[in-house]
Amino acid sequence: MSFLLDALGKADTDRRLSEVPELSSRRQTAAVSPWLRALKWLALLLLAALLFLAGYLARPMIEAKSSSVEVLPASEVKMKPVQTPEMVVPTQTIIESVQNSQHKLSVISYSDLPAVRFAMINGFVTHEGDVLATGEKIMKIEKQAVVLEKSGAETRLVLGQ
């Protein structure tokens, strides 16, 4: 019987040696000095203040960049003749051709949104509602044609003619 008790005692001792130590048996770690802890908090606070200040100072530059673009209403936009390298047309020639009612439709940009549509007539970029120098109003820009109106009479300019 003592043989059994010795074996049980030895097994109990081996089991205790292989166990994970309990919280109460854990060694105490070295305490961090209060000055070091205060220095860490001060450094974090200083870093946060610098980040805030950098964002605050950069704000006027960001606002200046976004407000530098000015969008004018279509009524204030002055049309200028488009000059391509192949053909340079003086402004006087364009005005004369408009006054002679010989309109030349060279480009149509059609969209489902009427505000985006435009047509190039006699070298000028025009939109629906614009009035040409001859007094003709652009009523509608279609996929292949532009409808002009003057004194109740409609004229249709077809692309490519």
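Residues numbered from 1 in each chain as written. Predicted model: local features only at pLDDT ≥ 70, side-chain atom pairs only at ≥ 80, totals over all residues. Heavy atoms only, no water.

K.L.:
Looking at this structure, how should I read the sheet that holds strand 6 (residues 153-158)?
P.N.:
Two modes of strand pairing occur in sheets, parallel and antiparallel, and in both the strands are linked by backbone hydrogen bonds. If you walk across this open sheet you meet the 3 strands as 4-5-6, and the pairing is antiparallel. Edge strands, defined here as strands with exactly one partner in the open sheet, are strand 4 (137-141) and strand 6. Neighbour-to-neighbour, the strand axes of this sheet turn through a mean angle of 25°, independent of strand direction. Pairing of strand 5 (residues 145-150) with strand 6, which is carried by 6 bridges, proceeds in the antiparallel orientation. Paired with Ala145 across the two strands is Val158, which belongs to strand 6. (Pairing = 2+ DSSP bridges. Helix = DSSP H or I, 4+ residues; strand = E, 2+ residues; numbered from the N terminus. Axes fitted to C-alpha atoms, helices over the stretch in contact; angles between N-to-C directions.)

K.L.:
Whenever I open this one, the side chain of Asn122 confuses me. Can you help?
P.N.:
With respect to the helices and strands, Asn122 occurs in the loop between strand 2 (118-121) and strand 3 (124-126). One polar contact links Asn122 to His103, side chain to side chain, over a distance of 3.1 Å. A distance of 2.7 Å separates a polar side-chain atom of Asn122 from the backbone nitrogen of Lys104. (Polar contact = N/O pair within 3.5 Å; in protein donor to acceptor, adjacent residues only side chain to side chain.)

K.L.:
Could you clarify how one ought to interpret the pattern of salt bridges in this entry?
P.N.:
The final tally for this structure, using the stated rule, is 2 salt bridges. Between Arg117 and Glu128 there is a salt bridge whose closest N-O contact spans 2.9 Å. Here Arg117 is found in the loop between strand 1 (105-109) and strand 2, whereas its partner Glu128 is found in the loop between strand 3 and strand 4, with 11 residues between them in sequence. Residue class for Arg117 comes out buried when judged on its relative accessible area of 8%. Between Arg156 and Glu142 there is a salt bridge whose closest N-O contact spans 2.7 Å. Residue Arg156 is found in strand 6, and its partner Glu142 is found in the loop between strand 4 and strand 5; the two are separated by 14 residues along the sequence. (Salt bridge = Lys/Arg side-chain N within 4 Å of Asp/Glu carboxyl O. Buried < 20%, exposed > 50% of the residue type's maximum accessible area, 1.4 Å probe, protein only.)

K.L.:
Any chance you could explain the pairing of strand 5 here in plain terms?
P.N.:
Within a regular beta strand, the side chains point alternately toward one face of the sheet and then the other, so they alternate between its two faces. Relative to strand 5, strand 4 is paired through 4 bridges, and the arrangement is antiparallel. Counterpart to Lys137 in the pairing with strand 5 is Glu149. Where strand 4 hands over to strand 5, the hairpin turn is made up of 3 residues, counted between the paired strands. With antiparallel pairing between neighbouring strands as the criterion, strand 5 and strand 6 make up a hairpin whose turn holds 2 residues, including Ser151 at a positive phi of roughly 55°.

K.L.:
Is there a simple way to think about the environment of Ala115 in this case?
P.N.:
Here Ala115 lies in the loop between strand 1 and strand 2. For Ala115, a relative accessible area of 72% gives the class exposed. Put simply, Ala115 and His127 are 12 residues apart on the chain and 7.7 Å apart in space, counted from C-alpha to C-alpha.

K.L.:
Before we go on, may I ask you to explain the nonpolar core in this structure?
P.N.:
Buried together is how nonpolar side chains tend to be arranged in soluble globular proteins. Grouped together as the largest cluster of nonpolar side chains are 10 residues: Leu105, Ile108, Ala119, Ile121, Leu132, Ile138, Ile141, Val146, Leu148 and Leu157. Mapped onto this core, the elements with two or more residues apiece are strand 1, strand 2, strand 4 and strand 5. Here Leu105 is in contact with Ala119, Met120, Ile121, Val146, Leu157, Val158, Leu159 and Gly160, once residues within four sequence places are set aside. (Core = buried A, V, L, I, M, F, W, Y, C linked by side-chain atoms within 4.5 Å. Contact = heavy atoms within 4.5 Å.)

K.L.:
Can you walk me through the environment of Asn122 in this structure?
P.N.:
Asn122 sits in the buried class, given a relative accessible area of 9%. Sequence separation between Asn122 and Leu105 is 17 residues, and the spatial gap between their C-alpha atoms is 6.5 Å.

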